[in-house]
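Fold and geometry: a report
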Amino acid sequence: MSVREKFDSELYSSQDQLIQLSNMAVNALGKSVGALLNHDIDAALEVIEEDEKINRLEEEINDRVILLIARQAPVATDLRRLIVIIKVASDMERVGDYAVNIAKETIRLGKEEHLVQIVQIEKMHKLATTMLLQVIDAFVEEDVSKAREIAEIDDQVDDLYGEVLTELMLAGSGNPEKIRQITQLAFIGRYMERSADHATNIAEQLFYLVRGRHYDLNK
Amino acid sequence: MSTTQAINNRSKTAGLEQESSQATSTSSVYDTKQLNLWYGDNHALKNIDLDIKQNEVTAIIGPSGCGKSTYLKTLNRMVELVPNVKTSGQIMYRGRNIFDKDYSVEELRTRVGMVFQKPNPFPKSIYDNIAYGPRIHGIKNKKILDEIVEKSLRGAAIWDEVKDRLNENAYSISGGQQQRICIARALAIEPDVILMDEPTSALDPISTLKIEELVQELKKDYSIIIVTHNMQQAARISDKTAFFLNGEVIEYDNTDTIFSNPSDKRTEDYISGRFG
């Protein structure tokens, strides 16, 4: 029996909560994009409502980790794991916030017909989701090679975002009445790009957890 | 190129990996080379190599019976008081092997003071406790002794608490104060090194913190080697940490590295409380 069985069990419970939080954030992002594509206001409202659960879970994780640090004075990998859990929880909570922002834009757009650039937003979402799911897997398995691949996908998301912006600007010149939608889609593109960045942040945290050193995966 | 790409490209050149270990350039006070020690048939220290730097606090950690106190007591050859002790290897103190036949143990112990687990003042006045060492070394002049007593008590951060009761028995003050009297007693002979064997294990948390702060002050003028069972204490006050296990040094590195990213799994398991 491990000397610190209770501590280990608390530590891994916090990690389980983090996985749960991550899945909730990825689902929220998916639901918000689904609502956008289908002009589904009810689904968008649900995303906004359910974000409270994500926020509450992040707070619970933080409180639990702080208590563990105070009670157990962890060091080395244990301490890094706890710090990384707090940071990743914050990244995932932020992804939940982007889902809320997209849901709000969806409500503002209402039934207005979409510009064609919405297809690229969908592509960005697919890539960002792949990254987020893969980084959760990598985190559970502590697989840094998987984490490294995430940074490569992030480059594709950044390229797509660049293209979306250029095309939206061009679309704007011929459709002054669509300026509002163009701005909203530009924002949504930004939220996707930021969500993907958070996946990269998490991948960097995983490197720190496993190797105890800081890595910049945007190199 | 998009703004995002431009920023990413810029961050590529700024990206860096940080190394946790840093080399130090201070000179050695003790350099232990292939030290072995036996208590009869019990091989208590095995091939110890440790280079201890001056003006640093070196912590020695490890589970009970791992040889850490034995190693500490070898540094002033106090271990030789135990019957059937045999040693091999070298401990170079300031460039001379302390096991050399013509090395004077008395001289060594004048240079290397020691503070023990339980405060052990002499059953004498506070003043006489501090003046004891200097008197043995032939200092009889009252004025000089007064100066040494004040300087030593100030050095041990206890002068203000006892200056009006120097003639009281050292047993009349608290345990934490007694331990600082013992540190002052060690300082009175103006040592080069102070060995501390779990100096706070019998003290309350406030007295412990006072001793820890004192250790930080003392390292400006002395080199300190401290054996401790308190991991957080080692992490708080030492510059380097040596992890002993079954008579061997498993890992010796900067304390920051030992407590954030140790290289050996046994070190990690010990400091994170998974055995010992």
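Residues numbered from 1 in each chain as written. Chains lettered and ligands numbered in written order. Predicted model: local features only at pLDDT ≥ 70, side-chain atom pairs only at ≥ 80, totals over all residues. Heavy atoms only, no water.

On to the side chain of B:Thr241. Residue and element names in this part refer to chain B. Within the secondary structure layout, threonine 241 lies in strand 9 (residues 240-245). With a relative accessible area of 0%, threonine 241 lands in the buried category. Here the side chain of threonine 241 touches threonine 255 through a polar contact of 2.8 Å, side chain to side chain. Those residues in contact with threonine 241, other than ones at most four positions away along the chain, are Ala59, Ile61, Glu251, Tyr252, Asp253, Thr255, Ile258 and Phe259. (Helix = DSSP H or I, 4+ residues; strand = E, 2+ residues; numbered from the N terminus. Buried < 20%, exposed > 50% of the residue type's maximum accessible area, 1.4 Å probe, protein only. Polar contact = N/O pair within 3.5 Å; in protein donor to acceptor, adjacent residues only side chain to side chain. Contact = heavy atoms within 4.5 Å.)

Let us look at the UniProt feature "domain: PhoU" (unreviewed entry) in chain A. All names here are of chain A. Taking the numbering used here, the UniProt-annotated feature "domain: PhoU" (unreviewed entry) corresponds to residues 19-105 and 121-205. Taken end to end, residues 19-105 has its terminal C-alpha atoms 28 Å apart, with 93% of it in helix and 0% in strand. End-to-end, the C-alpha atoms of residues 121-205 are 27 Å apart, and along that stretch the chain is 93% helix and 0% strand. (UniProt positions renumbered as here; feature names shortened; annotations may be inferred.)

Let us now look at the packing of helix 5 (residues 144-174) of chain A against helix 6 (residues 179-211) of chain A. Residue and element names in this part refer to chain A. Look at helix 5 against helix 6: their axes get within 9 Å of each other, and the N-to-C directions meet at 165 degrees. It follows from the interaxial angle that helix 5 and helix 6 lie roughly antiparallel. Once helix 5 is placed against helix 6, the crossing between them reads as left-handed. (Axes fitted to C-alpha atoms, helices over the stretch in contact; angles between N-to-C directions. Parallel < 35°, antiparallel > 145°, perpendicular 65-115°, else oblique. Left-handed = near helix turned anticlockwise from the far one by under 90°.)

The subject of this paragraph is the packing of helix 3 (residues 76-109) of chain A against helix 4 (residues 118-141) of chain A. When two helices pack together, their arrangement is captured by the angle between the axes and the distance separating the axes. Residues and elements named next belong to chain A. In the contact formed by helix 3 and helix 4, the axes pass within 13 Å of each other and the chain directions differ by 165 degrees. For the element pair helix 3 / helix 4, the angle class is roughly antiparallel. Considering how the two elements wind past one another, helix 3 and helix 4 form a crossing that is left-handed. Contacts between helix 3 and helix 4 involve Val84, Val88, Met92 and Val95 on the former and, on the latter, Leu132, Val135, Ile136 and Phe139. When the residues that make up the contact of helix 3 with helix 4 are grouped by side-chain class, the tally is eight nonpolar, no polar and no charged. (Nonpolar A, V, L, I, M, F, W, Y, C, P; charged D, E, K, R; others polar.)

When you line up the elements, A:Arg4 lands in the segment before helix 1 (5-37). Although buried, A:Arg4 forms no salt bridge, and the nearest oppositely charged side chain, A:Asp78, lies 4.7 Å from it. Beyond its immediate chain neighbours, meaning those up to four positions away, A:Arg4 contacts A:Gln72, B:Ser272, B:Gly273 and B:Arg274. (Lys, Arg positive; Asp, Glu negative; His and termini not counted. Salt bridge = Lys/Arg side-chain N within 4 Å of Asp/Glu carboxyl O.)

On to the confidence of the model for chain A. Detailed conclusions should not be drawn from predicted coordinates in areas where pLDDT is low. Mean pLDDT over chain A works out to 94, with 99% of the residues at or above the 70 mark. Across chain A, helix 3 of chain A holds the top mean pLDDT of 97, while helix 5 of chain A sits lowest at 92. (pLDDT = per-residue confidence, 0-100.)

A word on the environment of B:Gln233. Residue and element names in this part refer to chain B. Tracing the backbone shows glutamine 233 in helix 9 (residues 231-237). In this structure glutamine 233 comes out as buried when scored by relative accessible area, which is 2%. Sequence separation between glutamine 233 and threonine 200 is 33 residues; the distance between their C-alpha atoms is 9.4 Å. Not counting residues within four places of it along the chain, the set of residues in contact with glutamine 233 comprises Thr200, Thr208, Glu212, Ile226, Thr228 and Ser238. Among the polar contacts listed, one links the side chain of glutamine 233 to the side chain of threonine 200, at a separation of 2.9 Å.

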